[in-house]
Amino acid sequence: MSDTALPVSLDRDSLVPLAVQLADALRVAAGDGHLRGGDRLPSTRALANRLGVSRTVTSAAYEQLHAEGWIAGRHGSGTYVTTTPPADRPSKGPAPGRPAAPPTLIDLTPGVPWADGVERAAWRRAWRAAADPRPTYREDRAGLPAYRDAVSEHLLRHRGLAAGTVLATGGTTAAVIELAGAVLSRGDRVAIEEPGYQRAVQAFRRAGMEVVPVPVDEEGLRPDAVPADVRAVYCSPAHQYPLGSRMSASRRVELVELARAEGMLVIEDDYDGELRFDVAPLPLLAALAPDVVAHLGTTSKILTPALGAGWMVAPSPVAAAVLEYREGTGTRPSPAGQRVLAELARHGDLGRHLRKLRRELSERRSLVSAALTSAGIPVLGDDAGAHLVVPCGTAAEEAARLTAAERAGIRLDGLVRHFTGTPTVFGNLIGYAGCSREVLHSALKPLIPVFA
């Protein structure tokens, strides 16, 4: 069977990436009847030659359409259209009175993991093993023993923490909700980084706490700005979210000394803690002061949030209060994700994935940073994690960049929405983990004029 002729033309002068243009054109062709279910498409190589573009462009477009379910590959026979449009759809343009579908945007917002990097064979093996145990009525409020053992080994090997009591959680936000319900009381004041993680802000507020914003600079949260009457301090010292700074050693000591003197609980969100590229990470707050620090971690950024698996290392009274809270509410983290992580760790797949993840994200960060700085565009944030920040002077400029990026087919994030109070710094966040490297590379050219 011969390949279907494609009504595709690309505008090389447009700010919209070629891969996005191609995906949009093929989607429109399937929608207006030029392509029908069962039509075979050219190979990525043949289409690239036909259009005079690189194969990364056609591969990225096919990848997007495959993810949306428009096309599928058949082993040994090529790529085929899977979606047939309704017979009453007009041959050209959108239906009367209905707006045209928005173009596909390349999502460069932060907080998305490199899920495509997880080895499929290891992933399938872990899920098969996780399904082997028979159903049980036994309650594991603290989490499965194999999971807690795997987390303990992970923390010792990758974060230098000899963990004491490890509890399984449903993720960082779930752990914050539990701490708010188990350890804190309505009306308590909680200090949190400004700008900071707004899900944590909302979790505390909905539990009846008063959130006190504390400024952040290039050395992380400022302990000297933490009021003495707060019951807890929430911070992300390894890679501050969203500014990307690392809390200095002196501030870490200052913060734990303040917590001990004032009876505060420090909640350490180890955001991107495993993802440093330049130097070894500083000691965790939980290693410096296990008596006053509740350490929170998650698999959401290193694997996928679909596991719903995280952990908490906390002082014994805090851990006991959380277990009592779970007993009283009947809640517990799901064991399915715990079993999967335990299996990945048991076979060494977790460690191999982390090493690959660090290499991949380090190279991606270098790619994005070099493209921006070579064009005279400054970037902020330590050489770590999965996002960086391009600063600007005003909220209006930040918003204008978001609009310009969307017009160029790219979705970004801004700092303004990460403030609890009045924003004091402005800029745009670029995440580089949530798409293929080819798509990321194709987005850089139209992204430069957005910041220039």
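Analysis parameters
- Residues numbered from 1 in each chain as written.
- Predicted model: local features only at pLDDT ≥ 70, side-chain atom pairs only at ≥ 80, totals over all residues.
- Heavy atoms only, no water.
- UniProt positions renumbered as here; feature names shortened; annotations may be inferred.
- Axes fitted to C-alpha atoms, helices over the stretch in contact; angles between N-to-C directions.
- Helix = DSSP H or I, 4+ residues; strand = E, 2+ residues; numbered from the N terminus.
- Parallel < 35°, antiparallel > 145°, perpendicular 65-115°, else oblique.
- Contact = heavy atoms within 4.5 Å.
- Nonpolar A, V, L, I, M, F, W, Y, C, P; charged D, E, K, R; others polar.
- Expected span 1.5 Å × (residues − 1).
- Buried < 20%, exposed > 50% of the residue type's maximum accessible area, 1.4 Å probe, protein only.
- Arc of directions from axis to C-beta.
- Phe/Tyr/Trp six-rings, centres within 6.5 Å; stacked < 30°, edge-to-face > 60°.
- Pairing = 2+ DSSP bridges.
- Polar contact = N/O pair within 3.5 Å; in protein donor to acceptor, adjacent residues only side chain to side chain.
- Core = buried A, V, L, I, M, F, W, Y, C linked by side-chain atoms within 4.5 Å.
- Domains from an automatic or database assignment.
- Salt bridge = Lys/Arg side-chain N within 4 Å of Asp/Glu carboxyl O.

Identification of the chain as GntR family transcriptional regulator from Amycolatopsis thailandensis is taken from an unreviewed UniProt entry. UniProt, in its Sequence similarities (unreviewed entry) section for the chain, records the words "In the C-terminal section; belongs to the class-I pyridoxal-phosphate-dependent aminotransferase family."

Trainee: Whenever I open this one, the packing of helix α6 (residues 172–182) against helix α10 (residues 316–329) confuses me. Can you help?
Mentor: Packed helix pairs are characterised by how far apart their axes lie and by the angle those axes make with each other. Relative orientation of the contacting elements α6 and α10 amounts to 95°, with a least axis distance of 9 Å. One way to sum up the angle between α6 and α10 is to call them roughly perpendicular. Two secondary-structure elements touch here, α6 through Ile-177, Glu-178, Leu-179, Gly-181 and Ala-182 and α10 through Val-318, Ala-321, Val-322, Tyr-325 and Arg-326. Among the residues making up the contact of α6 with α10, the classes are represented as seven nonpolar, one polar and two charged.

Trainee: Hey, could you run me through unusual backbone geometry in this one?
Mentor: Only a minority of non-glycine residues have a phi that is not negative, and only a minority of peptide bonds are not trans. The omega angle of the peptide bond from Glu-194 to Pro-195 is 0°, so this bond is cis rather than trans. Checked against the element boundaries, Pro-195 lands in the loop between β6 (189–194) and α7 (198–206). Of note, the bond from Tyr-241 into Pro-242 is cis; its omega dihedral lies within 30 degrees of zero at 20°. Structurally, the position occupied by Pro-242 is in the loop between β9 (232–235) and α8 (249–262). With a phi close to 60°, Asp-272 is a non-glycine residue in the positive phi region.

Trainee: For this particular structure, what's the right way to read α10?
Mentor: Because an α-helix completes one turn every 3.6 residues, residues spaced three or four positions apart along the sequence face the same direction. Taking 1.5 Å as the rise per residue, α10 with 14 residues should run 20 Å; its terminal C-alpha atoms sit 20 Å apart, in good agreement. Of the residues making up α10, those classed as buried are Val-318, Ala-319, Ala-321, Val-322 and Arg-326. An end-on view of α10 places all buried positions within 160° of arc, on one side of the element. Facing away from the buried surface of α10 by more than 90 degrees, the exposed residues are Ser-316, Pro-317, Glu-324, Glu-327 and Gly-328. As for α10, its buried residues are in contact with β5 (166–169), α6, β10 (265–269) and β12 (310–313). Phi turns positive one or two residues past the end of α10, at Gly-330, with a value near 75°.

Trainee: Help me understand the packing of aromatic side chains in this model?
Mentor: Pairs of aromatic rings are described using the distance from one ring centre to the other and the angle between the two planes. Applying the stated rule across the entire model yields four aromatic pairs. An aromatic cluster is defined as three or more aromatic residues linked by ring pairs; in this entry it consists of Tyr-197, Tyr-241 and Tyr-271.

Trainee: Explain the sheet that holds strand β13 (residues 387–392) here, please?
Mentor: By definition, the strands of a sheet pair up through backbone hydrogen bonds, in either a parallel or an antiparallel sense. What the three strands build is an open sheet, ordered β13-β16-β15; its pairing is antiparallel. Looking at the sheet topology across the chains shown, the edges are occupied by β13 and β15 (413–414). Where β13 and strand β16 (residues 426–431) come together, six bridges link them in antiparallel fashion. Residue pairing across strands places Leu-388 opposite Ile-430, the latter belonging to β16.

Trainee: Got a minute to help me understand the side chain of Arg-276 in this structure?
Mentor: Assignment of secondary structure puts Arg-276 in the loop between β10 and α9 (285–288). Residue classification places Arg-276 among the buried residues on the basis of a relative accessible area of 9%. One polar contact links the side chain of Arg-276 to the main-chain carbonyl oxygen of Ala-238, over a distance of 3.4 Å. One polar contact links Arg-276 to Asp-382, side chain to side chain, over a distance of 3.4 Å. Once residues lying within four places of it in the same chain are set aside, the contact partners of Arg-276 are Ala-238, Arg-246, Pro-281, Arg-358, Asp-382, Asp-383 and Ala-384.

Trainee: What should I look at first to understand the pairing of β5 in this one?
Mentor: When a strand is regular, its side chains alternate between the sheet's two faces. Side chains Val-166 and Ala-168 of β5 all project onto a buried face; the interleaved residues Leu-167 and Thr-169 project onto the opposite face, where all are buried too. Where β5 lies against β12, four bridges are found, and the strand directions are antiparallel. The residue bridging Ala-168 from the neighbouring strand is Trp-311, located in β12.

Trainee: How should I be thinking about α7 in this particular structure?
Mentor: For α7, the complete set of buried residues consists of Gln-198, Ala-200, Val-201, Ala-203 and Phe-204. On the buried face of α7, the contacting elements are α6, β6, β7 (210–217), β9 and β10. Just downstream of α7 lies Gly-208, where phi reads positive at about 95°.

Trainee: So what exactly am I meant to see when it comes to the nonpolar core here?
Mentor: The tendency in soluble globular proteins is for nonpolar side chains to be buried side by side. In this structure, Leu-108, Val-226, Leu-372, Ile-430 and Phe-451 are the most contacted members of the largest nonpolar core, which totals 96 residues. Sequence-distant contacts of Leu-108, that is, excluding residues within four places in its chain, are made with Ile-410, Arg-411, Leu-412, Leu-429, Ile-430, Gly-431, Cys-435, Leu-440, Ala-443 and Leu-447. The next biggest cluster of nonpolar side chains, apart from the first, holds 26 residues, and it includes Ala-142, Ile-192, Phe-204 and Ala-314.

Trainee: Is there a simple way to explain the domain arrangement of the chain in this structure?
Mentor: One frequently used descriptor of interface size is the decrease in accessible area upon assembly of the parts. Its domain assignment divides the chain into domain 1 (18–81), domain 2 (106–111 + 352–450) and domain 3 (119–349). In this structure, domain 1 and domain 2 have C-alpha centres spaced 28 Å apart. On the side of domain 2, six residues touch domain 1, which itself brings five residues to the contact. Our count for the domain 1 to domain 2 interface comes out at zero salt bridges. Viewed at the interface, domain 2 and domain 1 are joined by zero residue pairs in polar contact (both at pLDDT 80 or more). Contributions of two or more residues to the side of domain 1 that touches domain 2 are made by α1 (18–31) and α3 (55–68).

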